[in-house]
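So the chains spell out like this:
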Amino acid sequence: MLRSKFAVQLFTLRAELDQDFKGTLQRVKKIGYDAVQLGNFHGYHAEEISVMLKDLDLKTAGLHASIDRLRTDLDKVVKEAEILQTRDIICPYLPEELRNAKSYIRIKNDLNNIANTLMDKGFRISYHNHAFEFQTEINDMNALDYILDPSEENHILAEIDVYWIKIGGHDPLTYIERFSNRMPIIHLKDVGKDENHSFAEVGTGILDFHSILQWGEVNGIEWYVVEQDVCPRNPLHCLELSLRNLHEMADRLQSH
């Protein structure tokens with residue numbers, strides 16, 4: 001059921017979580033989301049967050065962990081994922097000093113080694129894009145194509161952020177088609193109609209989410225994670241509008 005696959009990346013609510021962690025999770029559930037994606041624990045332990053999520057009947061749609069943590073603190077990251085009951089661990093962002101060909105080559109190698117190590121334990125490793133990967137070339141391809149090359153020997157899965165694909169100059173639907181059954185989680189945020197291409201609520205900008213959902217339902221997407229990096233008003237209201245629009249799209253899809 002598509003309606004039960006929508007989650008929130010809690011980065012959208014970072015300020016609210018700092019003020020009232022559990023109260024913010026309660027409001028996420030009340031809005032109608034079924035899961036959250038975590039990264040920053042805002043001073044709590046995974047065990048404490050796990051209890052809150054169980055109390056609210058919220059699932060975990062993946063855990064973001066920096067490349068530094070994945071390299072130096074992998075056992076703890078895996079333990080957190082176990083406690084939070086998610087099998088998806090995602091490298092979410094690269095600092096500027098790592099955005100060069102030599103670093104990307106090492107990152108791909110390291111993430112593959114980690115994926116191979118964790119595969120038998122049931123975990124999956126994904127990489128989350130921005131637009132900066134398109135600015136570096138490796139072996140006649142951009143860095144994102146290089147890292148996520150959908151070949152059998154590459155065990156890094158995709159967590160495509162459709163906003164950043166568009167900002168990077170590509171059509172999101174065309175771009176994701178190479179990742180059939182290699183993308184358990186996708187990030188949804190819209191590109192505003194203004195000249196600054198601001199972050200917009202899903203369904204209010206220029207992206208075709210109906211087609212993305214349609215594709216995802218036959219190509220292995222398990223979670224559609226809504227994220228809005230910057231909100232022009234209360235982020236909870238923005239998330240509510242995104243979900244309302246997604247529910248309408250889901251209902252239209254399921255009625256055909």
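Just so we're clear, the structure is a prediction, and the values are computed from it rather than from any experiment.

Describing the side chain of His-187
Step number 1: Mapped onto the secondary structure, His-187 falls in strand β9 (residues 185–188).
Step number 2: A polar contact of 2.7 Å, which involves the side chain of His-187, links it to the side chain of Gln-37.

Concerning helix α5 (residues 74–83)
Step number 1: Here α5 has its buried residues at Leu-74, Val-77, Val-78, Glu-80, Ala-81 and Ile-83.
Step number 2: Taken together, the buried residues of α5 touch α3 (46–56), β3 (59–64), α4 (67–72), β4 (88–91) and α6 (101–119).
Step number 3: Looking one or two places after α5, you find Gln-85, whose phi comes out positive at around 60 degrees.

Overview of the pattern of salt bridges
Step number 1: In this structure the tally under the stated criterion is 16 salt bridges.
Step number 2: Where Arg-178 meets Asp-145, a salt bridge forms, and the shortest distance between an N and an O atom there is 3.0 Å. Placement of the pair is Arg-178 in the loop between α9 (172–176) and β9 and Asp-145 in helix α7 (residues 143–148), with a sequence separation of 33 residues.
Step number 3: Exposure remark for Arg-178: the relative accessible area of 35% places this residue in the partly exposed category.
Step number 4: With a relative accessible area of 19%, Asp-145 lands in the buried category.

Focus: the nonpolar core
Step number 1: Formed by 82 residues in total, the largest nonpolar core has its most connected members in Ile-89, Tyr-127, Ile-160 and Leu-188.
Step number 2: Among the elements that make up this core, the one with the highest residue count is helix α11 (residues 235–254) (seven residues).
Step number 3: In this structure, Ile-160 is in contact with Asn-129, Leu-148, Ile-165, Tyr-175, Ile-176, Phe-179, Met-183, Ile-185, Ile-186 and His-187, ignoring residues within four places of it in sequence.
Step number 4: In this structure, Ala-7, Ala-35, Ala-61 and Ile-90 belong to the second largest nonpolar core, which totals seven residues.

Things to note about the environment of Leu-157
Step number 1: Its location among the elements puts Leu-157 in strand β8 (residues 157–159).
Step number 2: The class of Leu-157 is buried, set by a relative accessible area of 16%.
Step number 3: Each C-alpha atom of the pair Leu-157 and Arg-87 lies 12 Å from the other, and the pair is 70 residues apart in sequence.
Step number 4: Aside from chain neighbours lying at most four places away, what touches Leu-157 is Arg-124, Ile-125, Ser-126, Tyr-127, Leu-148, Arg-182 and Pro-184.

Focus on the side chain of Asp-88
Step number 1: Looking at the secondary structure, you find Asp-88 in strand β4.
Step number 2: Ignoring sequence-local partners within four residues, the contact set of Asp-88 consists of Gly-62, Leu-63, Arg-124, Pro-184 and Ile-185.

Quick word on the packing of aromatic side chains
Step number 1: Considering all chains together, one arrives at eight aromatic pairs under this definition.
Step number 2: Note on Trp-164 and Phe-199: the rings are 5.8 Å apart at their centroids and 75 degrees apart in plane angle, and the pair reads as edge-to-face. Of this pair, Trp-164 sits in helix α8 (residues 162–167) while Phe-199 is found in strand β11 (residues 199–200), placing the two residues 35 residues apart along the sequence.
Step number 3: Each member of the aromatic cluster is reached from another via a ring pair, and the members are Phe-134, Tyr-175 and Phe-179.

Observations concerning the pairing of strand β2 (residues 35–38)
Step number 1: The alternating pattern of β2 places Ala-35 and Gln-37 on one face and Val-36 and Leu-38 on the opposite face, and all of these are buried.
Step number 2: The pairing of strand β1 (residues 6–9) with β2 spans three bridges and is parallel. Note that in β2 the partner of Gln-9 across the bridge is Gln-37.
Step number 3: Taken together, β2, α3 and β3 form a β-α-β motif whose crossover is right-handed.

Digging into α3
Step number 1: Among all positions of α3, only Ala-46, Ile-49, Ser-50, Met-52, Leu-53 and Leu-56 are buried. Relative to the axis of α3, the buried residues are bounded by an arc of 165 degrees and lie together on one face. Those residues of α3 that are exposed and aimed more than 90 degrees away from the buried face are Lys-54 and Asp-55.
Step number 2: Summarising the contacts, the buried residues of α3 are in contact with α2 (21–31), β2, β3 and α5.
Step number 3: Among the residues trailing α3, Asp-57 stands out with phi positive, at a value near 60 degrees.

As for the layout of surface pockets
Step number 1: One number sums up the size of the largest pocket: a volume of about 390 Å³.
Step number 2: For the lining of the largest pocket, a count of residues per class yields seven nonpolar, seven polar and five charged.
Step number 3: If you add up the space inside the second largest pocket, you get close to 150 Å³.
Step number 4: Only α3 and α5 provide two or more residues apiece to the lining of the second largest pocket.

A word on the sheet that holds strand β12 (residues 223–226)
Think of a sheet as strands paired side by side through backbone hydrogen bonds, with each pair either parallel or antiparallel.
Step number 1: Taken in spatial order, the eight strands make up an open sheet running β8-β5-β4-β3-β2-β1-β12-β9, and their pairing is parallel. Each edge of the open sheet carries a strand with a single partner, namely β8 and β9. For this sheet, the mean inter-axis angle between neighbouring strands, taken without regard to orientation, is 35 degrees.
Step number 2: In this structure, β9 lies alongside β12, joined through four bridges in parallel fashion. Paired with Ile-186 across the bridge in β12 is Tyr-224.
Step number 3: Here α11 sits on the sheet in contact with β1, β9 and β12, set at roughly 155 degrees to β1.

The rules behind these values
- Residues numbered from 1 in each chain as written.
- Predicted model: local features only at pLDDT ≥ 70, side-chain atom pairs only at ≥ 80, totals over all residues.
- Heavy atoms only, no water.
- Helix = DSSP H or I, 4+ residues; strand = E, 2+ residues; numbered from the N terminus.
- Polar contact = N/O pair within 3.5 Å; in protein donor to acceptor, adjacent residues only side chain to side chain.
- Buried < 20%, exposed > 50% of the residue type's maximum accessible area, 1.4 Å probe, protein only.
- Contact = heavy atoms within 4.5 Å.
- Salt bridge = Lys/Arg side-chain N within 4 Å of Asp/Glu carboxyl O.
- Core = buried A, V, L, I, M, F, W, Y, C linked by side-chain atoms within 4.5 Å.
- Phe/Tyr/Trp six-rings, centres within 6.5 Å; stacked < 30°, edge-to-face > 60°.
- Pairing = 2+ DSSP bridges.
- Right-handed = clockwise from strand over helix to strand, strands pointing away.
- Arc of directions from axis to C-beta.
- 1 Å grid on protein atoms, 1.4 Å probe; cavity = no way out; pocket = protein on both sides within 12 Å on 5 of 7 lines; lining within 4 Å.
- Points joined across faces, edges and corners; volume = space filled by probe spheres on them.
- Nonpolar A, V, L, I, M, F, W, Y, C, P; charged D, E, K, R; others polar.
- Axes fitted to C-alpha atoms, helices over the stretch in contact; angles between N-to-C directions.

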